[in-house]
Amino acid sequence: MNRVIPTREERDAARKAKKLATCKHWNGALGPRPCAVGVDLVKRCGPRVQTGWLNAIPCLDGADPAFVCEAKVTPTLEDIEAQEQRFTEAAARTLSVMAAIPSEGQSGKVTCPGCGGFVHWRRSSYNGHLSATCVVGCVAFIQ
Ligand SMILES: [Zn+2]
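Every chain is numbered on its own, with residues counted from 1 as its sequence reads. This being a predicted model, a pLDDT of at least 70 is required before a residue's local features are given, and a value of 80 or more before pairs of side-chain atoms are given or counted; all residues contribute to the totals for chains, interfaces and linings. Water and hydrogen atoms play no part in the side-chain values, which are based on all heavy atoms of the structure.

Peer 1: Can you walk me through the overall build of the chain in this structure?
Peer 2: Along the chain, the regular secondary structure elements total four helices and four strands. Reading the chain from its N terminus to its C terminus gives the helix and strand order α-α-α-α-β-β-β-β. The quantity called the radius of gyration is restricted to C-alpha atoms. Its globule counterpart is 2.2 Å times the number of residues to the power 0.38. For 143 residues, the compact-globule estimate of 2.2 N^0.38 gives 15 Å, and the chain exceeds it by more than 25% at 21 Å. By principal-axis analysis of the C-alpha atoms, the chain measures approximately 55 × 40 × 35 Å. Counting over 143 residues, the chain shows a buried share of 24%. For the chain, contacts bridging at least 24 residues in sequence account for 35% of all contacts bridging at least 6. Reported accessibility uses the Shrake-Rupley method at a 1.4 Å probe radius. Residues are deemed covered only where the shown protein chains occlude them. For the chain, the accessible area works out to roughly 9900 Å², and carbon and sulfur atoms hold 56% of it. His residues and chain termini do not enter the charge count, which takes Lys and Arg as positive and Asp and Glu as negative. Taken as the charge centre is NZ of Lys, CZ of Arg, CG of Asp or CD of Glu, depending on the residue. Put simply, the chain has 18 plus and 13 minus side-chain charges, and the middle of one group is 8 Å from the middle of the other. What counts as a helix is a DSSP run of H or I of at least four residues, what counts as a strand is a run of E of at least two, and both are numbered from the N terminus. Only protein chains enter the calculation, and the probe is 1.4 Å; a residue is then buried if its accessible area is under 20% of its type maximum, exposed if over 50%, and partly exposed in between. Note on contacts: a residue pair qualifies if any of its non-hydrogen atoms lie within 4.5 Å across the two residues.

Peer 1: Explain the coordination of the zinc ion to me, please; I cannot follow it from the model alone.
Peer 2: For a metal bound by four donors in a tetrahedral arrangement, the ideal donor-metal-donor angle is 109.5 degrees, while six donors in an octahedral arrangement ideally sit at 90 or 180 degrees. Coordination of the zinc ion by the protein is provided by C112 (SG), C115 (SG), C134 (SG) and C138 (SG), with metal-donor distances spanning 2.2 to 2.5 Å. We call an atom a donor if it is N, O or S and sits within 2.8 Å of the metal, or 3.2 Å for Na, K and Ca. Water is not counted, so some sites may look partial. In these descriptions, tetrahedral denotes four donors with every angle between 85 and 135 degrees, square planar four donors and octahedral six donors with opposite donors over 155 degrees apart and the rest between 65 and 115, and irregular any other case. Between the four donor atoms coordinating the zinc ion, the angles at the centre fall across 106 to 115°, so the site counts as tetrahedral. Here the donor residues of the zinc ion share one chain and are spaced in sequence as C-x2-C-x18-C-x3-C. The buried category is assigned to C134, whose relative accessible area is 3%.

Peer 1: Quick question: what am I supposed to make of the sheet that holds strand β4 (residues 140-142) here?
Peer 2: Two pairing modes exist for strands in a sheet, parallel and antiparallel, and in both the strands are linked by backbone hydrogen bonds. Judged by pairing direction, the sheet is antiparallel, and its four strands sit side by side in the order β1-β2-β3-β4 without closing on themselves. Only two strands of the sheet have a single partner each, and these edge strands are β1 (107-111) and β4. If you compare each strand with its neighbour and ignore which way they point, the axes differ by 20° on average. For two strands to pair, DSSP has to find at least two bridges joining them. Here β1 pairs with strand β2 (residues 118-123) via five bridges, running antiparallel. Residue V110 lies in a different strand from β2, and its bridge partner there is V119. Packing of helix α4 (residues 77-100) onto the sheet brings it into contact with β1, β2, β3 (130-134) and β4, and relative to β4 it is tilted by some 60°. Here an axis means a line fitted to C-alpha atoms, over the contact stretch when the element is a helix, while the angle between two N-to-C directions is reported on a 0 to 180 degree scale.

Peer 1: Just to check I follow, could you spell out the domain arrangement of the chain for this structure?
Peer 2: When the parts of a complex come together, some accessible area is lost, and that lost area is often used as the size of the interface. When cut into domains, the chain gives domain 1 (8-56) and domain 2 (93-142). Boundary definitions for the domains trace back to an automatic or database domain assignment. Computed from C-alpha coordinates alone, the two centres of domain 1 and domain 2 are separated by 34 Å.

Peer 1: Would you explain the packing of helix α1 (residues 8-21) against α4 in this entry?
Peer 2: Any two packed helices are characterised by the angle at which their axes cross and by the distance between the axes. Two numbers describe how α1 lies on α4: the axes approach to 10 Å, and their chain directions differ by 115°. Considering the relative orientation of α1 and α4, their crossing is right-handed. Counting all contacts with α1, which are made through R15, K16, K19 and L20, the residues of α4 involved are L77, I80, E81, Q83 and E84. Ten residue types, Ala, Val, Leu, Ile, Met, Phe, Trp, Tyr, Cys and Pro, are classed as nonpolar, four, Asp, Glu, Lys and Arg, as charged, and the remainder, Gly among them, as polar. Considered class by class, the residues forming the contact of α1 with α4 number three nonpolar, one polar and five charged. Take the far helix as the reference: if the near one is turned anticlockwise from it by less than a right angle, the crossing is left-handed, and if turned clockwise, right-handed.

So, in structure tokens, the structure goes:
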């Protein structure tokens, strides 16, 4: 079998197309409230464990939606690009803080690349996991 592997550009285009078709109110299938504005998807499409449920809900780009949702709002390309920009900036701040934290020690603080305030960090003496949080909220992670 000769399998064609999609290029990065093809994968990016497919990911953007999927985001453009996904309702802004969609919280994911596993959360207690899949629709942020309260559309009762279980009542209108059946139980979430049902095979094909993701194709039956109108929130995504499923093949066979059970109804047309009056509350569906999809993002614009600008919304998606702004979200990706925020994600890229957040990842850069996180990597910057990770690089600034010394490799030894149990806790301390480093300068936040987002606000210039402090990021408090702590290393678990049990398993070495590192956590850090900016007092303003620019950076927060557990490694
Ligand atoms: Zn900060």
